Amino acid sequence: MFIVKIATGFYKNSAKGLPAGDGAVLVFSQKTGLLQAILCDGGYLTTLRTAIAACVAAKITPWDVQHVGIIGTGQLAIQVLELMLLLYPQADFRIWGRSVQKTKAVAESYPGVKICESVQELMQNGGIVITTTASTKPIIDLAYVNGKTHIIALGADEVGKKECDPRLFQSADIVVVDSREQAARFGDTFHGIQAGFINIEKTEELGNVIQNGISVDANLLITDLTGIAAQDIEIVEWILTCLDKREKYD
């Protein structure tokens, strides 16, 4: 099969009481070109596969994870939080968002998650820090890094978006990307390249790191995920497999 995905992001919709994102996936036969399925998921599958990718990236962290910080309060932040709570149930969880009201609403739904008044407070103990915003200006400053830190940047998935101070890439022991080709064209790594703090040859693709591991001596690790087509194909295959199984039991 091959797929055509439409994913929209209209971030001013929240003021209208509407979801910020929507979307659908069209599934076609690779042999005949005929339409096989229409998944009207409202963008949920994109959010889910992105959150799962964050969990995959978290597993390459070369030290014991005791602290997890989530930056953002949207659907991606919530999905990441839910999965990370399953992955690290004993960790200390913190959250920060630009909207105090939204941050409180998320924290109230997940007892034990601490609200931070600043990103610097969220990062004061190091650990895993996951960004999930649509910011066009850096949220994480180099000065905020304290102790062993693994930044997993998810939000800057297109030209113009930026969540990380480009200087972070100069200080990072390892920079991991899902696709070198994409990282050279957009995302936080792209801004690091443009500023002259890193070149694409100094990055490692996530698939290679999963196979080879990371040195335990690393203190600052950045994983920059811009999202790749393979994720969409895999999750669509999973959905269709589940539907086939359901039909057999109906």
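A short tour of the structure in this document, coming up. Just so it is clear, the structure is predicted and the values come from calculations on it, not from any experiment. In this convention, every chain numbers its residues from 1, walking through the sequence in written order. Local features in a predicted model are, by the rule used here, given only for residues with pLDDT of at least 70; side-chain atom pairs are given and counted only at 80 or more, and totals for whole chains, interfaces and linings are based on all residues. The side-chain values count all of the structure's non-hydrogen atoms but skip hydrogen atoms and water molecules.

### Things to note about the environment of Val236
Within the secondary structure, Val236 sits in helix H9 (residues 229–249). Think of it in three bands: residues with accessible area under 20% of the maximum for their type are buried, residues over 50% are exposed, and the middle band is partly exposed, with areas taken using a 1.4 Å probe on protein chains only. With a relative accessible area of 1%, Val236 lands in the buried category. In sequence terms Val236 and Val27 are 209 residues apart; their C-alpha atoms lie 8.2 Å from each other. Every residue in contact with Val236, bar those within four places of it in the chain, is listed here: Met1, Ile3, Val25, Val27 and Leu39. Every helix listed is a DSSP run of H or I at least four residues long, and every strand listed is a run of E at least two residues long, numbered separately from the N terminus. Contacts between residues were defined by any pair of non-hydrogen atoms, one from each residue, lying within 4.5 Å.

### Quick notes on the sheet that holds strand S1 (residues 2–9)
Two strands are said to pair when DSSP picks up at least two bridges between them. Spatial ordering of the open sheet is given by S1-S2-S3, a layout of three strands whose pairing is antiparallel. Strand pairing shows two members of the sheet lacking a second neighbour, S1 and strand S3 (35–39), which therefore form its edges. Averaged over all pairs of adjacent strands, the angle between their axes in this sheet comes to 10°, without regard to strand direction. Pairing analysis gives four bridges linking strand S2 (residues 21–28) to S3, with the strands arranged antiparallel. Across the sheet, residue Val25 finds its bridge partner in S3, namely Leu39. Axis definition: a line fitted to C-alpha atoms, limited for helices to the stretch in contact. Angles are taken between N-to-C directions and run from 0 to 180 degrees.

### Let's talk about the sheet that holds strand S5 (residues 92–96)
Taken together, the eight strands give an open sheet; going across it, the order is S6-S5-S4-S7-S8-S11-S9-S10, and neighbouring strands pair in parallel fashion. Edge strands, defined here as strands with exactly one partner in the open sheet, are strand S6 (114–115) and strand S10 (203–205). Note that strand S4 (residues 67–71) and strand S7 (residues 127–131) share four bridges and pair parallel. In the sheet register, Gly69 faces S7, and the bridge partner there is Val129. Most of the contacts of helix H1 (residues 44–58) go to strand S8 (residues 149–153), to which it runs at about 155°, and overall it touches S7, S8 and strand S11 (220–224).

### As for a nonpolar patch on the surface
Residues Ile52, Val56 and Ile210 make up a contiguous nonpolar surface patch of about 230 Å² in total accessible area. With respect to the helices, strands and loops of the structure, Ile52 is situated in helix H1. Look at Ile52 and you get partly exposed, because its relative accessible area is 39%. Nonpolar side chains (Val, Leu, Ile, Met, Phe, Trp, Tyr) are joined into patches within 5 Å and like charges within 9 Å, using only residues with over 30% relative accessible area and no salt bridge. Here the open area of atoms and residues is found with the Shrake-Rupley method and a 1.4 Å probe, where only the protein chains shown may cover a residue. Salt bridges are defined by distance alone: a side-chain nitrogen of Lys or Arg within 4 Å of a carboxyl oxygen of Asp or Glu.

### Some details on the pairing of S11
Most of S11 sits inside the fold, with five of its five residues counted as buried. Alternating positions in S11 separate into two faces, Leu220, Ile222 and Asp224 on one and Leu221 and Thr223 on the other, with burial throughout. Pairing of S8 with S11 involves five bridges; the strand directions are parallel. Across the sheet, Ile152 pairs through a bridge with Thr223, a residue of S11. Two elements, strand S9 (residues 174–177) and S11, share four bridges in a ladder whose sense is parallel. Residue pairing in the sheet places Val177 in a bridge with Asp224 of S11.

### Observations concerning the packing of aromatic side chains
Working definition: a ring pair exists when centres of Phe, Tyr or Trp rings (six-membered ring for Trp) sit within 6.5 Å. Plane angles under 30 degrees give stacked, over 60 give edge-to-face, the rest tilted. Taken as a whole and judged by the stated rule, the model has one aromatic pair. With a centroid separation of 5.3 Å and an interplanar angle of 15°, the aromatic rings of Phe2 and Phe28 are classed as stacked. Of this pair, Phe2 sits in strand S1 while Phe28 sits in strand S2, placing them 26 residues apart in sequence. Of the residues examined, Phe2 reaches a relative accessible area of 37% and is grouped as partly exposed. Accessibility expressed as a relative area gives 18% for Phe28, which makes it buried.

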